[in-house]
Amino acid sequence: FTSFILLVFCLKADAQKNYLKDAEKSFTSKEYYTASLLYKKAYDNAPKKDKPYILFQIAECYRSINNTKNAEVFYTKAVKANYIDALAVLYLADMQKMQEKYADALANYQKYKALVPSDPRGENGMLSCKLALDWKQSPTQYKVENLVQINTKDWDYSPSFVDKKYKKLIFSTTRSGVTGGQTDIG
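Since the structure is predicted, the reported quantities are computational estimates derived from the model, not experimental observations. (Residues numbered from 1 in each chain as written. Predicted model: local features only at pLDDT ≥ 70, side-chain atom pairs only at ≥ 80, totals over all residues. Heavy atoms only, no water.)

### Here's the deal with the overall build of the chain
Tallying secondary structure elements over the chain gives 7 helices and 3 strands in all. In the chain, the succession of helices and strands from N to C terminus is α-α-α-α-α-α-α-β-β-β. For the chain, the proportion of its 186 residues judged to be buried stands at 27%. Within the chain, residue pairs in contact and separated by at least 24 positions form 33% of the contacts whose partners lie at least 6 positions apart. As presented, the chain carries roughly 13000 Å² of accessible surface, and 56% of it is formed by carbon and sulfur atoms. (Helix = DSSP H or I, 4+ residues; strand = E, 2+ residues; numbered from the N terminus. Buried < 20%, exposed > 50% of the residue type's maximum accessible area, 1.4 Å probe, protein only. Contact = heavy atoms within 4.5 Å. Areas by Shrake-Rupley, 256 points an atom, 1.4 Å probe, with all protein chains shown as cover.)

What follows is the structure, encoded as structure tokens:
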């Protein structure tokens, strides 16, 4: 019976090592969603000293797939768990800024600047949050609207008008099935 218990314990410990190892492998291969799941499995039975690192890696996975909400959650957990790299604070601030949580982001940029005073990203982040808060308080005459004819959940970038009447637009995109063509926005 004792041998059986020992065998089960060893197998469980070995499985734990494999989750973390497999997560690292997936992360290195840029399989971020898979890596996030594996890191979460590794976290459950990880030694306390490894947990801050795993939380940070989960956040990195979410940041890499542009899931700012979950990235913020896990960067917050990593910072609270005393993860040693100051980048956790910087990236937490970045995720908050991307979600328009400017006051929270500003506070974290200030923390980052205190941790790494030589890195201009802290100062630049603080400045951008202050400007965003000011702009929200004093809107201009410009009105930004969602152009639903061309705006999708995919990444569209580098737009250019192709005619002088500003009726045709070309842009680069990650949309599946798109092989070229022009969009009439008039």
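Still to come is the rest of the account.
### Description of the pairing of strand E1 (residues 156–161)
Examined bridge by bridge, E1 and strand E2 (residues 168–173) share 4 bridges and lie antiparallel to one another. Note that in E2 the partner of Ser 160 across the bridge is Ile 170. Between the end of E1 and the start of E2, which pair antiparallel, lie 6 residues, with Tyr 166 showing a positive phi angle near 60°. (Pairing = 2+ DSSP bridges.)

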